[in-house]
Amino acid sequence: MWWENAVVYQVYPRSFQDSDGDGVGDLRGIAERLDHLAWLGVDALWLSPFYPSPMHDFGYDVSDYKGVDPVFGTLDDFDALVAAARERGLRVLLDLVPCHTSIEHPWFSEHPDWYIWADEPNNWLSAFGGSAWSKRNGRYYLHSFYPEQPDLDWRNPDVIAAMQDALEFWIDRGAAGYRIDAIDRLLKDPGLRDDPPATEAFGLPLSAKEEKLALTHSRNAPDTPEALRRIREAVDGALLVGEVYLPSAKWQPYLEHLDAAFAFELLHASWDADALRRAIEATTRRPGAAWVLSNHDFGRLVTRFGAENARSAAMMLLTLPGPAFLYQGDEIGQGDGPGGQCEFDRAGRDRYRHPMQWDASPAGGFTTGEPWLPAVDAERTNVEAQREDPRSMLSLVRDLLTLRRLLGEGIELLDAAPGVLAYRRGDHSIAINTTAEERPAPLDGELVLETEPGALRGRALAPHTAAVAMGLHLPPMG
Ligand code: NOJ
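Residues numbered from 1 in each chain as written. Predicted model: local features only at pLDDT ≥ 70, side-chain atom pairs only at ≥ 80, totals over all residues. Heavy atoms only, no water.

Student: Explain the pattern of salt bridges to me, please; I cannot follow it from the model alone.
Tutor: Note on pairing: side chains with opposite charge can pair once their charged atoms come close. Going through the model one piece at a time under the given rule, you end up with 32 salt bridges. Here aspartate 259 and arginine 232 are joined by a salt bridge, their closest N and O atoms 2.8 Å apart. With aspartate 259 in the loop between helix H8 (252-255) and strand S9 (260-262) and arginine 232 in helix H7 (residues 224-234), the pair connects residues that are 27 residues apart, well separated along the chain. The salt bridge partner of aspartate 444 is arginine 424, with a shortest N-O separation of 3.8 Å. Taken together, the residues span a long stretch of sequence, with aspartate 444 in the loop between strand S15 (439-440) and strand S16 (446-450) and arginine 424 in strand S13 (residues 420-425) at a distance of 20 residues. The partly exposed category is assigned to aspartate 444, whose relative accessible area is 28%. Within the structure, one salt-bridge network assembled from shared partners comprises Asp57, Asp297, Asp345, Arg349 and Arg353. (Salt bridge = Lys/Arg side-chain N within 4 Å of Asp/Glu carboxyl O. Helix = DSSP H or I, 4+ residues; strand = E, 2+ residues; numbered from the N terminus. Buried < 20%, exposed > 50% of the residue type's maximum accessible area, 1.4 Å probe, protein only.)

Student: Just checking my understanding: could you explain the sheet that holds strand S8 (residues 239-242) for this structure?
Tutor: Across a sheet, strands are paired by hydrogen bonds formed along the backbone, either parallel or antiparallel in direction. Spatial ordering of the closed barrel is given by S1-S2-S3-S7-S8-S9-S10-S11, a layout of eight strands whose pairing is parallel. On average, each strand axis in the sheet is inclined to that of its neighbour by 30 degrees, with strand direction left out of account. Bridge count for strand S7 (residues 177-180) against S8 is four bridges, and the pairing is parallel. Each residue of the ladder has a partner; that of glycine 177, found in S8, is leucine 239. (Pairing = 2+ DSSP bridges. Axes fitted to C-alpha atoms, helices over the stretch in contact; angles between N-to-C directions.)

Student: Quick question: what am I supposed to make of unusual backbone geometry here?
Tutor: Excluding glycine, residues mostly have negative phi values, and the peptide bonds linking residues are mostly trans. Unusually for a residue other than glycine, methionine 55 sits at a positive phi of about 65 degrees. Tracing the chain through its elements places methionine 55 in the loop between strand S2 (44-47) and helix H3 (75-87). According to the relative accessible area criterion, methionine 55 is buried, its value standing at 17%. Positive phi, close to 50 degrees, is recorded for asparagine 137, a residue that is not glycine.

Student: I tried to follow the site of the ligand on my own but got confused; where do I start?
Tutor: Residues in contact with the ligand amount to 13 residues; listed here are only the nearest, Asp57, Asp181, His296, Asp297 and Arg349. In this structure, an oxygen atom belonging to the ligand sits 2.5 Å away from a side-chain N or O atom of aspartate 57. In this structure, an oxygen atom belonging to the ligand sits 2.5 Å away from a side-chain N or O atom of aspartate 297. Isolated, the ligand exposes 300 Å² of accessible area, and the fraction of that covered by the protein chains is 97%. Looking at the shell around the ligand residue by residue, the classes come out as three nonpolar, three polar and seven charged. (Near = heavy atom within 4 Å. Polar contact = N/O pair within 3.5 Å; in protein donor to acceptor, adjacent residues only side chain to side chain. Areas by Shrake-Rupley, 256 points an atom, 1.4 Å probe, with all protein chains shown as cover. Nonpolar A, V, L, I, M, F, W, Y, C, P; charged D, E, K, R; others polar.)

Following this line, the structure appears as structure tokens:
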């Protein structure tokens, strides 16, 4: 399968490249920048939603599943983008948002029975806080996210047919698959029973209010795999990667129809060798992990793990077995924007969505106009400068993309000093020092790649560094 070891580059269309000077990225802009992705060596790009949308959740509130929002371009632009990607050997994945539409989708007024209604709200919570119910014409409709995102009823055959039609539409136009949004919220208890009080930990971070509840009725209904089967039926052969907000131990029913699921345990682990090891150990117990450390909803590598650890984080992300998702800007160690500014997104995620920094100009080469969000530090951190520098983070990421093709199958976690995460992939061993002190590292053989020159000092790793070595590993005697 082409995707089994693929690196998928996440493009957030609004913030990647603007081609018409309106300050918002667009599909033509993405096409103009494909050479960067081909040069970097990724296998595919995943486009966050570009469909028509009133943008209450920047495209995750879709008002037409078979179109392109004018701010992002036209269907012709999409076709041209896919053709240009193909020429460079890049596949294009789209974002399927099946759980909810925009409240402005014509379906909401034309087919109210396609949505979920109640006479009175139950105790289900919206992912963004507060009740998951809002009133419309004397009744309540369910919205697992913003009130502008009413939940579809996936037990209604007409909903399934409409969604299958949309799924096929883009595959016919050349898409290679989908990242599927919020699958854990796709089907809920048909009786709309309250979520009971929690009796055990959920296994992934939740809001304080969610933590008090066993989220057994508001999400992950037992017939969710049946809906996924219908999705698969429409796009057999396409790559389907699920955003399933569940610990990996609970993925099994979903993976009957999906190829992979995002590994949230690792995404949420702190930069600590033990925590990382626990997450990797748990997630690799079964196949199906798609690794991701950042995206448009979570902080970037530099901000989350500290600038001093960003290179090691990239090394970890790109040397684990299975597909990896790299968020735009992380290849140059771009940081988040200033915190606490949530001018546009009410859930406060603007800071993860500042424009890609291509060069040192004030808008970072993203636009000739006024960018919808300013560049963070384009003068200091940009693609152009880093391309010329063999010691840059960009050069490291490019080297990692070449190296990962040589790594053996599977993963063997190695014993290592406190603060050091180490694992073996065939003949290669990888060690990451998560601490601020020099630490011994179980790296055998010849040094292949290090996060910075001089990271490996004999058999020890400098503070905040990581390295890959290659050598023959003989089985223990006796
Ligand atoms: C997950 C998406 O990544 C996020 O941006 C969005 O707000 C929710 N799903 C709702 O669609």
